[in-house]
Amino acid sequence: MTRVTRDFGDTMQKEAVPAVSSDVVFTSSRFPNYRIGANNQIMETKEDPKVLSMKEVVARETAQLLEQQNRLSVRDLASKFERGLAAAAKLSEEARLREAASLEKHVLLKKLRDALESLKGRVAGRNKDDVEEAIAMREGELLLEKAEVKKLANFLKQASEDAKRLVDEERAFARTEIENARAAVQRVEEALQEHERMSHASGNQDIEQLMKEVQEARRIKMLHQPSKVMDMEHELRALRAQLSEKTRHYLRLQKELARTKKGGESVPQFYELEGTETLGSYLEIQPCSDIVPEVSKCSIQWYRVSSDGTKKELISGATKSIYAPEPFDVGRILQVDIISDGQHITLSTTGPIDPAAGLGTYVEALVRKHDTEFNVVVTQINGSHHPTESIHVLHVGKMRIKLCKGKTTIAKEYYSSSMQLCGVRGGGNAVAQALFWQPKQGYSFVLAFESERERNAAIMLARRFAFDCNIMLAGPDDRAPLGT
């Protein structure tokens, strides 16, 4: 029996059975068989009723041992027991290998422990001490592994604390750098604002000086002094040219300041708006280089935006590269979207459109009249070109608008909701002098005035009289604001 005890102990040590709990209930008294099916799925094979289970094999071997106990020698009994134990170990090893692909390690060890305990009970407790010793050894190994895991956890915790401390230090350093960058940006913005204030102040001073000179010229003209009037007219032309040049220079400075604030120096400019941003002038889209597509091949749409940027209105029909501001655009920012080759480019004026100098006073003087006449040329009727360039007279009255040619009335209509009146939205260089008038549905004219001042005065006067009649006189779709 000494040999049986030693061999069994060596076998158990080689097995290295870990300590597991014994509270698992199995539906079968033997280990199931598994196979690898399609898609690498582990499937359990049905038990063959002809194959004996491990429990039955152990029971049969034990019965044979008990029957031959009285007539076999100690050596034969030990040999039989070793063969039975080897067969049980082989069956257990085969079952463990079949289950290893799908079962968790702790479940497998639990099943092996239960099988060994069952086998231990069948052999009448002869190797109980050896099994318990092997289990105790495995439990000791598990305790050592647990201690190592705990030591590793402490090391990881310390490493996590060190990493957190480093992250906090880097975050504090980043915050300091951000604050320094913000301070630098604020200093640059203050310098730009100061430069802009100085430029604006100098521009206002030049404009005031020019206005004083213009008023002096008018006063001299009213005194009927021909020689001085001629001299002042030449001076006025020169002053107007200087004013236009200074205005263009001021707008260029404003655009450069706006690009500098937005970091536009590093962003290529494909197009830009040219023209004076005042009522009575026109704005034109110009390419900044020869490599960009032509403006005529681009899709264009103009918008008017409130000065605070909270409201944006689509200007219906304004799809040309040239747009002349009308009285509705005064105090608002003009914006244009350009779509070319899949690129969406947005341009806008540097500020709200300024009113024309003296236009308000001129309109207030016309309001006192019952009827005001303007000389015009009809360029289009119902969208078709009108070939004749004869002079017509547009009568803007308190109740109606009338277009005449000599003593013949071309059109006459009282103010109504179907009437539309606005500046022409697109065209050539004379677009600032043109007006669109629709007396009623299906009947429209494009009229060219003698000057931009006359055109804007006619629009403002007609809208003033229409408003007194509770009519909102505007262009196509001007009553449909577009949300930002």
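Residues numbered from 1 in each chain as written. Predicted model: local features only at pLDDT ≥ 70, side-chain atom pairs only at ≥ 80, totals over all residues. Heavy atoms only, no water.

- You'll find the protein chain entered in an unreviewed UniProt entry as Stomatal closure-related actin-binding protein 1, with Arachis hypogaea given as the organism.

### So, the overall build of the protein chain
Link 1 in the chain: In terms of helices and strands, the protein chain carries eight helices and 17 strands.
Link 2 in the chain: Counting all 484 residues of the protein chain, 33% fall into the buried class.
Link 3 in the chain: Sequence separation of 24 or more characterises 57% of the internal contacts of the protein chain that already satisfy a separation of 6 or more.
Link 4 in the chain: Entry remark: accessible area of the protein chain is about 30,500 Å², with carbon and sulfur atoms responsible for 53%. (Helix = DSSP H or I, 4+ residues; strand = E, 2+ residues; numbered from the N terminus. Buried < 20%, exposed > 50% of the residue type's maximum accessible area, 1.4 Å probe, protein only. Contact = heavy atoms within 4.5 Å. Areas by Shrake-Rupley, 256 points an atom, 1.4 Å probe, with all protein chains shown as cover.)

### Describing the environment of Ala 318
Link 1 in the chain: By the element assignment, Ala 318 lies in the loop between β6 (312-314) and β7 (322-323).
Link 2 in the chain: A C-alpha to C-alpha distance of 8.2 Å links Ala 318 and Tyr 303, two positions 15 residues apart in sequence.
Link 3 in the chain: Among all residues touching Ala 318, those that are not within four sequence positions of it are Ile 300, Gln 301, Trp 302, Tyr 323 and Arg 425.

### A few points about the pattern of salt bridges
Link 1 in the chain: The final tally for this structure, using the stated rule, is eleven salt bridges.
Link 2 in the chain: Here the salt bridges do not stand alone but share partners, grouping Arg 304, Lys 311, Glu 313, Asp 329 and Arg 332 into one network. (Salt bridge = Lys/Arg side-chain N within 4 Å of Asp/Glu carboxyl O.)

### Observations concerning the sheet that holds strand β3 (residues 271-274)
Link 1 in the chain: Read across the open sheet, the three strands follow the order β3-β4-β7; overall the sheet is antiparallel. For this open sheet the edge positions go to β3 and β7, each flanked by a neighbour on one side alone.
Link 2 in the chain: The sheet contact formed by β3 and strand β4 (residues 283-287) spans four bridges and is antiparallel. Bridge pairing links Glu 272 to Gln 286 in β4. (Pairing = 2+ DSSP bridges.)

### Examining a nonpolar patch on the surface
Link 1 in the chain: The grouping of Leu 152, Phe 155 and Leu 156 at the surface amounts to a nonpolar patch, some 330 Å² of accessible area in total.
Link 2 in the chain: Note that Leu 156 resides in helix α5 (residues 128-222). (Patch = residues over 30% accessible without salt bridge, like charges linked within 9 Å, V, L, I, M, F, W, Y side chains within 5 Å.)

### A look at unusual backbone geometry
Link 1 in the chain: Residue Asn 382 is not a glycine yet carries a positive backbone phi of 55°.
Link 2 in the chain: Along the chain, the position of Asn 382 falls in the loop between β10 (371-381) and β11 (384-385).
Link 3 in the chain: Given the relative accessible area of 41%, Asn 382 is considered partly exposed.

### A closer look at the sheet that holds strand β5 (residues 299-305)
Link 1 in the chain: In space, the four strands of this open sheet follow the order β6-β5-β8-β9, with antiparallel pairing throughout. The open sheet terminates on both sides in strands that have one partner only, identified here as β6 and β9 (343-348). Each strand of the sheet is rotated relative to its neighbour by a mean of 25°, with strand direction disregarded. (Axes fitted to C-alpha atoms, helices over the stretch in contact; angles between N-to-C directions.)

### Here's the deal with the side chain of Asn 456
Link 1 in the chain: Examined against the element boundaries, Asn 456 turns out to sit in helix α8 (residues 452-468).
Link 2 in the chain: With near-sequence residues (within four places) excluded, Asn 456 lies in contact with Leu 279, Gly 280, Pro 325, Pro 327 and Leu 359.

### Description of the pairing of strand β12 (residues 391-397)
The side chains of a regular strand alternate, first on one face of the sheet and then on the other.
Link 1 in the chain: Most of β12 sits out of view: five of its seven residues are buried.
Link 2 in the chain: Pairing geometry for β10 and β12, over seven bridges, is antiparallel. Bridge assignment links Phe 374 to a residue of β12, and that residue is Leu 394.
Link 3 in the chain: Direction of pairing for β12 relative to strand β13 (residues 400-405): antiparallel, over a ladder of four bridges. When the bridges of β13 are listed, Val 393 appears paired with Cys 404.
Link 4 in the chain: Between β12 and β13, which pair antiparallel one after the other, the connecting turn spans two residues.

### Quick notes on the packing of aromatic side chains
Link 1 in the chain: Scanning the entire structure with this criterion turns up four aromatic pairs.
Link 2 in the chain: Both rings, one in Trp 302 and one in Tyr 323, keep their centres 5.4 Å apart while their planes meet at 25°; by these two values the pair is stacked. In this pair, Trp 302 sits in strand β5 while Tyr 323 sits in strand β7, placing the two residues 21 residues apart along the sequence.
Link 3 in the chain: Both rings, one in Trp 437 and one in Phe 445, keep their centres 5.8 Å apart while their planes meet at 25°; by these two values the pair is stacked.
Link 4 in the chain: By way of ring pairs, the aromatic residues Trp 437, Tyr 443 and Phe 445 are connected into one cluster.
Link 5 in the chain: The ring of Tyr 303 has Lys 312 sitting right over it, with the charged end atom 4.3 Å from the ring centre. (Phe/Tyr/Trp six-rings, centres within 6.5 Å; stacked < 30°, edge-to-face > 60°. Lys NZ or Arg CZ within 6 Å of the ring centre and 35° of its normal.)

### Concerning the side chain of Glu 277
Link 1 in the chain: Note that Glu 277 resides in the loop between β3 and β4.
Link 2 in the chain: Polar side-chain contacts of Glu 277 include one of 2.9 Å to the side chain of Thr 350. (Polar contact = N/O pair within 3.5 Å; in protein donor to acceptor, adjacent residues only side chain to side chain.)

### Describing the nonpolar core
Link 1 in the chain: The biggest cluster of nonpolar side chains holds 30 residues, and the ones touching the most others in it are Leu 394, Val 396, Leu 403, Tyr 415, Trp 437, Leu 447 and Phe 449.
Link 2 in the chain: It is α8 that provides the largest number of residues to this core, a total of seven residues.
Link 3 in the chain: In this structure Val 396 touches His 370, Asp 371, Thr 372, Phe 374, Tyr 415, Leu 461, Ala 462 and Phe 465, once residues within four positions along its chain are discounted.
Link 4 in the chain: In terms of nonpolar packing, the next biggest core, distinct from the first, is built from 18 residues, Leu 273, Ala 318, Val 336 and Ile 338 among them. (Core = buried A, V, L, I, M, F, W, Y, C linked by side-chain atoms within 4.5 Å.)

### Section: helix α7 (residues 359-367)
Link 1 in the chain: Here α7 has its buried residues at Leu 359, Val 363, Leu 366 and Val 367. Within α7, the buried residues cover an arc of 105° as seen down the axis, which keeps them to one side.
Link 2 in the chain: Looking at the buried positions of α7, the neighbouring elements they touch are β10 and α8. (Arc of directions from axis to C-beta.)

### Topic: the pairing of strand β17 (residues 443-449)
Link 1 in the chain: Burial analysis of β17 places five of its seven residues in the buried class, which makes it a mostly covered element.
Link 2 in the chain: Inspection of the sheet shows β10 paired to β17 by five bridges, in the antiparallel sense. Residue pairing in the sheet places Ile 381 in a bridge with Phe 445 of β17.
Link 3 in the chain: Inspection of the sheet shows strand β16 (residues 434-440) paired to β17 by five bridges, in the antiparallel sense. Residue pairing for β17: Lys 440 is matched across the bridge by Tyr 443.
Link 4 in the chain: Hairpin remark: β16 followed by β17, antiparallel, with two residues in the connecting loop; positive phi at Gly 442, about 80°.

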